Amino acid sequence: MKEKLVIGNWKMNKTFEQADDLIGDIFDLLKGFHKTTEVVICPPSLYLELATDYADAEDSNFRIGAQNCSEYKNGAYTGEISAEMLSEMEVEFCIVGHSERRKYFGETDETVAKKVDRLIEQNIIPVVCCGEQLEERKAGKHFEIVEKQVKESLFHLPANHFEHVVIAYEPVWAIGTGETATPAQAEEMHAFIRSLVEKQYGADVAYNLYILYGGSCNPKNALELFSQQDVDGGLIGGASLTASDFVAIVEAGDTAVKDN
Ligand code: PEP
């Protein structure tokens with residue numbers, strides 16, 4: 001089993017002072033902890049400089065990601081932040097296609113595909129979210145929905161670019177609801193996504209791809225989820241806002257690898 005990746009998505013939470021405290025606490029808890037799990041923290045954009053300062057410090061054990069970027073390179077797009085600007089901030093990852101952005105800000109597979117291109121141009125790793133709504137799962141359409149999202153947002157990439165993406169499977173009904181997909185449900189969908197990638201890009205690319213699970217992942221359920229063969233880690237929302245919970249999830253990543 002390959003090493004895990006755990007990404008914390010703070011969403012639009014924390015004042016600057018609270019963000020400073022939280023990232024400082026995570027820094028302290030991870031310092032000197034010889035983990036194998038790769039950790040990425042995605043704070044609100046205004047706190048990226050604060051976060052990258054921590055990530056650059058000696059003994060730092062994490063990397064920094066953004067929560068969104070513009071589909072455009074630059075120009076008259078008031079309020080937007082470009083991939084180039086993120087790159088100048090030393091941001092290494094960026095979440096795109098999160099269900100909250102699809103729901104509240106009209107993000108589509110087409111805009112996600114453009115954002116993916118902007119990020120790859122800047123050597124930033126896109127973390128592309130996909131996942132079905134509850135009604136879609138109940139109607140048995142979850143594989144079809146996820147297949148469409150993955151193909152339309154990512155399969156235009158040549159293999160050498162696809163190697164630099166992360167996919168996060170986040171069933172919408174599990175995000176922020178306290179209801180988690182069962183480990184078997186997560187594994188079934190992750191294996192399906194990997195099979196799609198294998199058909200398009202071959203076995204090596206598919207094996208090396210990180211497919212994260214997101215949706216009410218917490219210190220209690222992380223180990224069982226991460227112990228599934230095709231679950232390469234997690235995209236963590238609510239539980240990433242408490243340093244001890246977030247670090248416990250990182251520890252679950254290490255344990256899952258050690259035990260398998
Ligand atoms: C998310 O928003 O990406 C997420 C997984 O949230 P939560 O962990 O709070 O369900």
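Quick note: structure is the one above.
## Section: the overall build of the protein chain
Looking only at helices and strands, one finds 12 helices and eight strands in the protein chain. With the principal axes as the frame, the protein chain shows a C-alpha extent of 50 × 45 × 35 Å. Buried residues in the protein chain amount to 53% of all 260 residues. When contacts within the protein chain are restricted to residue pairs at least 6 apart in sequence, those whose partners lie at least 24 apart make up 74%. With 23 positive and 44 negative side-chain charges, the protein chain shows a spacing of 6 Å between the two charge centroids.

## Observations concerning the site of the ligand
Among the 14 residues in the neighbourhood of the ligand, the closest are listed as Lys11, His98, Glu170, Gly176 and Ser216. A distance of 2.7 Å separates an oxygen atom of the ligand from a polar atom in the side chain of His98. Contacts to the ligand include Gly176, whose backbone N or O atom sits 2.6 Å from an oxygen atom. Expressed as a share of its isolated accessible area of 290 Å², the protein-covered part of the ligand is 95%.

## Remarks on the sheet that holds strand β3 (residues 63-66)
Strands sit in the order β1-β2-β3-β4-β5-β6-β7-β8 around a closed barrel of eight strands; the barrel is parallel. Strand-to-strand twist across the sheet, computed as the mean angle between neighbouring axes with direction ignored, equals 25°. The pairing of strand β4 (residues 93-96) with strand β5 (residues 125-130) spans four bridges and is parallel. Of the residues in β5, the one forming a bridge with Cys94 is Pro126. Across the face of the sheet, helix α12 (residues 243-259) comes into contact with β1 (5-9), β2 (38-42) and β8 (233-236) while running at roughly 160° to β1.

## With respect to the pattern of salt bridges
Under the counting rule described, the total for this entry stands at 17 salt bridges. The salt bridge involving Lys11 is made with Glu100; its shortest N-O contact spans 2.7 Å. Residue Lys11 is found in the loop between β1 and α1 (16-30), and its partner Glu100 is found in helix α4 (residues 99-105); the two are separated by 89 residues along the sequence. For Glu100, a relative accessible area of 26% puts it in the partly exposed group. The residue Glu107 makes a salt bridge to Lys115 at a minimum N-O spacing of 2.8 Å. The exposure class assigned to Lys115 is buried, which follows from its relative accessible area of 5%.

## Description of a negative patch on the surface
A grouping of Glu49, Asp53, Asp56 and Glu90 is seen on the molecular surface, where their side chains present a negatively charged patch. Tracing the backbone through its elements, the reader meets Glu90 in the loop between α3 (83-88) and β4. On the basis of relative accessible area, Glu90 is assigned to the partly exposed category, the value being 46%.

## Quick look at the packing of aromatic side chains
Summed over all chains, the structure comprises eight aromatic pairs. Ring centres 6.3 Å apart and planes at 85° place the aromatic pair Phe27 and Phe62 in the edge-to-face group. Residue Phe27 is found in helix α1, and its partner Phe62 is found in the loop between α2 (48-56) and β3; the two are separated by 35 residues along the sequence. With centroids separated by 6.1 Å and ring planes inclined at 70°, the aromatic side chains of Phe155 and Phe162 adopt a geometry described as edge-to-face. An identical accessibility class is assigned to Phe155 and Phe162; each is buried. One aromatic cluster is present, formed by Phe27, Tyr54 and Phe62 through successive ring pairs. In this structure, Lys2 is placed above the aromatic ring of Tyr207, and the distance from its NZ or CZ to the ring centre is 5.1 Å. The side chain of Arg101 reaches across the aromatic face of Phe105, ending 4.3 Å from its centre.

Conventions we followed
Residues numbered from 1 in each chain as written. Predicted model: local features only at pLDDT ≥ 70, side-chain atom pairs only at ≥ 80, totals over all residues. Heavy atoms only, no water. Helix = DSSP H or I, 4+ residues; strand = E, 2+ residues; numbered from the N terminus. Buried < 20%, exposed > 50% of the residue type's maximum accessible area, 1.4 Å probe, protein only. Contact = heavy atoms within 4.5 Å. Lys, Arg positive; Asp, Glu negative; His and termini not counted. Charge placed at Lys NZ, Arg CZ, Asp CG, Glu CD. Near = heavy atom within 4 Å. Polar contact = N/O pair within 3.5 Å; in protein donor to acceptor, adjacent residues only side chain to side chain. Areas by Shrake-Rupley, 256 points an atom, 1.4 Å probe, with all protein chains shown as cover. Pairing = 2+ DSSP bridges. Axes fitted to C-alpha atoms, helices over the stretch in contact; angles between N-to-C directions. Salt bridge = Lys/Arg side-chain N within 4 Å of Asp/Glu carboxyl O. Patch = residues over 30% accessible without salt bridge, like charges linked within 9 Å, V, L, I, M, F, W, Y side chains within 5 Å. Phe/Tyr/Trp six-rings, centres within 6.5 Å; stacked < 30°, edge-to-face > 60°. Lys NZ or Arg CZ within 6 Å of the ring centre and 35° of its normal.

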